[in-house]
Amino acid sequence: MQAAIIEAPGDIRVGTVPDPTPTGGEIVVRVGACGVCGTDLHIADGHLPAAQYPIVPGHELAGEVVAVARDVSHVREGDRVAIDPSLYCGHCRFCRVGRGNLCENYNAVGVTVPGGAAEYVALPARNAYVVPETLSYQRAALIEPLSCAVHGMHVLSARMGDSFLIVGAGTMGLMLLQLALRGNASKVAVADLNTERLHRAHRLGASSITTDLSSPLEDADLGFDCVIDATGVPGAIEAAFDMVKRGGKLLVFGVAPPESRVSIPPFRIYNDEITVLGSMAVLNSYAPAVELMVSGAFDADALLTETRSLDEYPAALDMVRQGRGVKTQVLPGGPGSS
Ligand SMILES: [Zn+2]
Ligand SMILES: [Zn+2]
């Protein structure tokens with residue numbers, strides 16, 4: 001079969017690898033759509049310490065089940081499935097207290113084991129969620145990033161009527177915007193340097209948009225109850241902190257370089273009782289994300305802007321690097337299979 005392969009950091013190609021077969025507890029999925037995101041860039045660049053090379057990337061995937069191991073019962077050939085890529089060990093100190101996303105033996109489809117940037121992928125059946133015929137593979141492949149946003153909102157646990165500021169209007173920022181508006185937010189301001197993305201945020205219901213956090217937002221008032229950084233850019237995180245209202249919260253959602261540092265005033269954390277939170281990947285949030293996507297509560301089409309064929313995977317990565325559009329996906333079965 002054809003697959004994208006990151007042989008080593010900086011060495012990406014599309015080539016032929018053996019077809020996968022399901023071993024115990026596994027299924028094989030014919031991939032309909034597979035998203036490309038910043039995490040894939042980090043893997044391609046060698047900036048994700050957990051990544052194992054060579055790797056077939058792709059952790060945001062959906063497709064059709066084409067083979068099942070004999071001991072699998074809840075998924076059948078022909079089912080349409082969306083995949084939670086998390087492979088928690090289940091027995092480490094973190095897994096045993098219900099924090100599998102912090103697993104000491106971290107593994108994930110498309111990060112440490114072969115992923116969805118391929119015609120087929122074998123993975124544990126327990127990671128597959130059956131979705132209805134009416135949900136396109138492209139929308140189903142957005143459930144994984146949505147589940148990360150849902151986890152972020154769980155961590156943030158906003159109060160009814162909270163004001164929000166979201167810094168970064170890429171896929172994750174626009175997902176968090178939609179979840180905040182559907183949840184407790186009274187208003188959601190959005191900041192980004194990319195005006196095309198800001199206009200998309202405005203169309204999705206942002207109360208105000210800005211390219212410059214140093215000039216006061218009209219609805220900033222005393223700041224925002226909940227501020228989310230969805231950029232991972234140290235300077236943006238510092239600016240985000242400055243926008244937190246007294247008694248408010250900052251959620252660090254974006255992935256900053258591991259060695260980076262930010263400067264924030266501890267006096268304000270103390271004196272203004274500011275809470276700084278982190279949110280990493282998926283935790284008990286995939287099933288709720290399936291519900292949000294299947295019910296139509298979430299506008300997926302506003303984010304699905306770019307598609308490429310599997311053999312254009314390196315070009316798809318470049319599109320993400322350049323920040324073109326919002327979500328880029330590869331469609332290994334061609335556009336008709338999505
Ligand atoms: Zn991703
Ligand atoms: Zn574990």
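Each remark here, short or long, concerns the structure printed above.
Remember, it's a predicted structure, so these values are computed and weren't measured experimentally.

What counts and how
Residues numbered from 1 in each chain as written. Chains lettered and ligands numbered in written order. Predicted model: local features only at pLDDT ≥ 70, side-chain atom pairs only at ≥ 80, totals over all residues. Heavy atoms only, no water. Helix = DSSP H or I, 4+ residues; strand = E, 2+ residues; numbered from the N terminus. Contact = heavy atoms within 4.5 Å. Donors = N, O, S within 2.8 Å, 3.2 Å for Na, K, Ca; no water. Buried < 20%, exposed > 50% of the residue type's maximum accessible area, 1.4 Å probe, protein only. Tetrahedral: all angles 85-135°; square planar, octahedral: opposite > 155°, others 65-115°. Axes fitted to C-alpha atoms, helices over the stretch in contact; angles between N-to-C directions. Parallel < 35°, antiparallel > 145°, perpendicular 65-115°, else oblique. Left-handed = near helix turned anticlockwise from the far one by under 90°. Nonpolar A, V, L, I, M, F, W, Y, C, P; charged D, E, K, R; others polar. Phe/Tyr/Trp six-rings, centres within 6.5 Å; stacked < 30°, edge-to-face > 60°. Lys NZ or Arg CZ within 6 Å of the ring centre and 35° of its normal.

Participant: Please clarify how the environment of E77 should be interpreted in this entry.
Facilitator: Mapping E77 onto the fold places it in the loop between β4 (60-68) and β5 (80-83). Spatially, the C-alpha atom of E77 lies 22 Å from that of E144, the residues being 67 residues apart in sequence. Residues in contact with E77, not counting those within four places in the same chain, are V65, V66, A67 and V68.

Participant: What should I look at first to understand the coordination of the zinc ion (ligand 1) in this one?
Facilitator: Put simply, the ideal angle at a metal is 109.5 degrees for four donors in tetrahedral geometry and 90 or 180 degrees for six donors in octahedral geometry. Those donors, C37 (SG), H59 (NE2) and E60 (OE), are the protein atoms that reach the zinc ion (ligand 1), and they lie 2.0 to 2.3 Å from it. Donor residues for the zinc ion (ligand 1), ordered by position in the chain, follow C-x21-H-E. Accessibility classification places H59 together with E60 in one group, the buried group.

Participant: Please explain the coordination of the zinc ion (ligand 2) as it appears in this structure.
Facilitator: Protein-derived coordination of the zinc ion (ligand 2) comes from C89 (SG), C92 (SG), C95 (SG) and C103 (SG), at a distance range of 2.3 to 2.4 Å. Its 4 donor atoms give the zinc ion (ligand 2) angles of 101 to 116° at the centre, a pattern that matches the tetrahedral case. Of note, the donors binding the zinc ion (ligand 2) are all from one chain and are spaced C-x2-C-x2-C-x7-C. Highlighted residues: C89 in the loop between β5 and β6 (120-124) and C103 in the loop between β5 and β6, separated in sequence by 14 residues.

Participant: What is the right way to read the side chain of H59 from this model?
Facilitator: For H59, the location among the structural elements is in the loop between α1 (38-45) and β4. Under the relative-accessibility criterion, H59 is labelled buried at 6%. If sequence neighbours within four positions are ignored, H59 has contacts with C37, T39, D40, I83, P85, V109 and E144.

Participant: Can you walk me through the packing of helix α3 (residues 143-156) against helix α4 (residues 171-182) in this structure?
Facilitator: The packing of two helices is summarised by the inter-axis angle and the distance between the axes. Axis separation between α3 and α4 bottoms out at 9 Å; the angle between their running directions is 55°. For the element pair α3 / α4, the angle class is oblique. Considering the relative orientation of α3 and α4, their crossing is right-handed. Between α3 and α4, the residues in contact are P145, L146, C148, A149, V150 and M153 and M172, M175, L176, L179 and A180, respectively. Split into classes, the residues belonging to the contact of α3 with α4 amount to 11 nonpolar, no polar and no charged.

Participant: Got a minute to help me understand the packing of aromatic side chains in this structure?
Facilitator: The geometry of an aromatic ring pair is captured by the separation of the ring centres together with the interplanar angle, meaning the angle of the planes. Applying the stated criterion across every chain, the model contains 2 aromatic pairs. Measuring from centroid to centroid gives 4.7 Å for Y129 and Y286, while their planes differ by 40°, and the two rings are tilted. One end of the pair, Y129, is in strand β7 (residues 128-130); the other, Y286, is in helix α8 (residues 286-295), with 157 residues separating them in the sequence. Between the NZ or CZ atom of R80 and the centre of the ring of Y137, over which it lies, the distance is 4.0 Å.

Participant: Which parts of the structure should I look at to understand unusual backbone geometry?
Facilitator: For the peptide bond that leads from Y53 to P54, omega is -5°, which places it in the cis range. Within the chain, A281 stands out as a residue other than glycine whose phi angle is a positive 60°. The residue A281 is located in the loop between β13 (275-278) and α8 in this model. Judged by relative accessible area, A281 falls into the partly exposed class, the value being 32%. The residue N284 is not glycine, and still its phi comes out positive at about 50°. Inspection of the secondary structure assignment puts N284 in the loop between β13 and α8. Residue N284 is classed as exposed on the basis of its relative accessible area of 66%.

Participant: Is there a simple way to think about the packing of α3 against α8 in this case?
Facilitator: Packing of α3 against α8 brings their axes to within 8 Å, and their N-to-C directions diverge by 115°. For the element pair α3 / α8, the angle class is roughly perpendicular. Remark: the crossing between α3 and α8 carries right-handed chirality. On α8, the residues touching I143, E144, L146, S147, V150 and H154 of α3 are Y286, P288, A289, V290, L292 and M293.

Participant: Sorry if this is basic, but what is going on with the environment of R13 here?
Facilitator: Topologically, R13 is positioned in strand β2 (residues 11-16). For the pair R13 and A3, spaced 10 residues apart in sequence, the C-alpha to C-alpha distance is 8.5 Å. The residues contacting R13, other than those within four sequence positions of it, are A3, A4, I5 and E7.

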